[in-house]
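Letter by letter, the chains look like this.
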Amino acid sequence: MAKQIILFSLVALSFGLVAFAFEPSPLQDFCVADFTTSARVNGHVCKNPASVQASDFSFSGLHLPGNTSNPNGSKVTPVAVAQLPGLNTLGISMVRIDYAPWGINPPHTHPRATEILTVLEGSLQVGIVTSNPDNSLITKTLQKGDVFVFPVGLIHFQRNVGTGNAVAIAALSSQNPGVITIANAVFGSKPGISSDILAKAFQVDKSVVDQLQAKF
């Protein structure tokens, strides 16, 4: 019995050492993304520091309004690692969001990031939906200068409730936060989800699903 306890303790200790044998902080000054290599890692391979330039750490154009002439009446301009290679491994990114009057940023989630949004111009209704089984809607109307946080993974949205254009800036806790727009994912997947499945899930006639899938 004593030997079994000792063995269990040694196994538990070894797993504990493995759990702590990782470095959560960067191990170098920076790791600018190298998009020229096909090597696959969790993130991007580091560019040779000798070839790093100031342009790897800068992005221009966030002052320019986005084109909101689309069915949603909004435009998201991202500044993630794909646009700013110096963000690689740093766990942060940002976006500018422009909204036409009554434009929306439709219900979506970020699978890898929490988002904190600040209204620069206009009035925005924002909301989050909690997870099952409650599915509670938490919503608020924001004015210029107001801030709202969207926890990682939760469905959330924004809507311009003013008579003029609205603008927001948001920061996200990942260099590559990802986005899953609910309607696009459910009705526009490739290949499509069976309409029989969606009809049962949404408790509607199959013809309604076919009509929605045709839009995406």
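Just so you know, these numbers come straight off a predicted model, no measurement behind them.

Colleague: Just checking my understanding: could you explain the environment of Asn184 for this structure?
Modeller: Tracing the backbone shows Asn184 in helix α2 (residues 182-187). For Asn184, a relative accessible area of 42% corresponds to the partly exposed category. Between the C-alpha atom of Asn184 and that of Gln213, which follows or precedes it by 29 residues, the distance is 8.9 Å. If sequence neighbours within four positions are ignored, Asn184 has contacts with Ser189 and Phe216.

Colleague: What is the right way to look at the state of the cysteines in this model?
Modeller: When the sulfur atoms of two cysteines share a covalent bond, that bond is a disulfide. In the structure shown here, the tally under the stated rule is 1 disulfide. One disulfide in the model links Cys31 with Cys46; its S-S distance is 1.9 Å. Of note, the bridge from Cys31 to Cys46 carries an S-S torsion of about -100° and is left-handed in sense. Placement of Cys31 in the loop between α1 (2-20) and β1 (74-79) and of Cys46 in the loop between α1 and β1 is noted, with a sequence separation of 15 residues between them. Residue class for Cys31 comes out buried when judged on its relative accessible area of 3%. The partly exposed category is assigned to Cys46, whose relative accessible area is 36%.

Colleague: What am I meant to see in the UniProt feature "binding site: Mn(2+)" (unreviewed entry) in the protein chain here?
Modeller: If you check UniProt for "binding site: Mn(2+)" (unreviewed entry), the listed places come out as His108, His110, Glu115 and His156 in our numbering. The greatest C-alpha distance among the residues just named is 11.9 Å, despite their covering 49 residues of sequence, which places them together in space. Judged by relative accessible area, which is 3%, His108 ranks as buried. With sequence-adjacent residues up to four places away left out, His108 is seen in contact with Glu115, Leu154, Ile155, His156, Gln158, Val179, Ile180, Thr181 and Ile182. Reaching out from His108, the side chain makes a polar contact with the side chain of His110 at a distance of 3.5 Å. With respect to the helices, strands and loops of the structure, His156 is situated in strand β8 (residues 155-160). The residues contacting His156, other than those within four sequence positions of it, are Pro106, Pro107, His108, Thr109, His110, Glu115, Gly127, Ile128 and Phe150.

Colleague: How should the packing of helix α3 (residues 195-202) against helix α4 (residues 206-215) be read in this particular structure?
Modeller: What describes two packed helices is the angle between their axes and the distance between those same axes. The geometry of α3 relative to α4 is characterised by a closest axis approach of 8 Å and an angle of 115° between their N-to-C directions. Put simply, α3 runs roughly perpendicular to α4. As α3 runs across α4, the sense of the crossing is right-handed. Mapping the contact onto sequence places Ser195, Asp196, Leu198 and Ala199 in α3 and Lys206, Val209, Asp210 and Gln213 in α4. Its residues assigned to classes, the contact of α3 with α4 comprises 3 nonpolar, 2 polar and 3 charged.

Colleague: Is there a simple way to think about the pattern of salt bridges in this case?
Modeller: A pair can form between side chains of opposite charge whenever their charged atoms are brought close. In the structure shown here, the tally under the stated rule is 4 salt bridges. Across the salt bridge formed by Arg96 and Asp98, the nearest N and O atoms sit 2.8 Å from each other. Each member of the pair, Arg96 together with Asp98, is buried. The shortest N-O distance in the salt bridge between Lys206 and Asp210 comes to 3.2 Å. One end of the pair, Lys206, and the other, Asp210, are both in helix α4, 4 residues apart, so they sit about a helical turn from each other. Residue classification places Asp210 among the partly exposed residues on the basis of a relative accessible area of 34%.

Colleague: I keep staring at a nonpolar patch on the surface and nothing clicks. Help me out?
Modeller: A cluster of nonpolar side chains, Ile116, Val147 and Val149, forms an exposed patch at the surface whose accessible area comes to about 240 Å². Here Val149 is to be found in strand β7 (residues 147-150).

Rules used throughout
Residues numbered from 1 in each chain as written. Predicted model: local features only at pLDDT ≥ 70, side-chain atom pairs only at ≥ 80, totals over all residues. Heavy atoms only, no water. Helix = DSSP H or I, 4+ residues; strand = E, 2+ residues; numbered from the N terminus. Buried < 20%, exposed > 50% of the residue type's maximum accessible area, 1.4 Å probe, protein only. Contact = heavy atoms within 4.5 Å. Disulfide = S-S within 2.5 Å. UniProt positions renumbered as here; feature names shortened; annotations may be inferred. Polar contact = N/O pair within 3.5 Å; in protein donor to acceptor, adjacent residues only side chain to side chain. Axes fitted to C-alpha atoms, helices over the stretch in contact; angles between N-to-C directions. Parallel < 35°, antiparallel > 145°, perpendicular 65-115°, else oblique. Left-handed = near helix turned anticlockwise from the far one by under 90°. Nonpolar A, V, L, I, M, F, W, Y, C, P; charged D, E, K, R; others polar. Salt bridge = Lys/Arg side-chain N within 4 Å of Asp/Glu carboxyl O. Patch = residues over 30% accessible without salt bridge, like charges linked within 9 Å, V, L, I, M, F, W, Y side chains within 5 Å. Areas by Shrake-Rupley, 256 points an atom, 1.4 Å probe, with all protein chains shown as cover.

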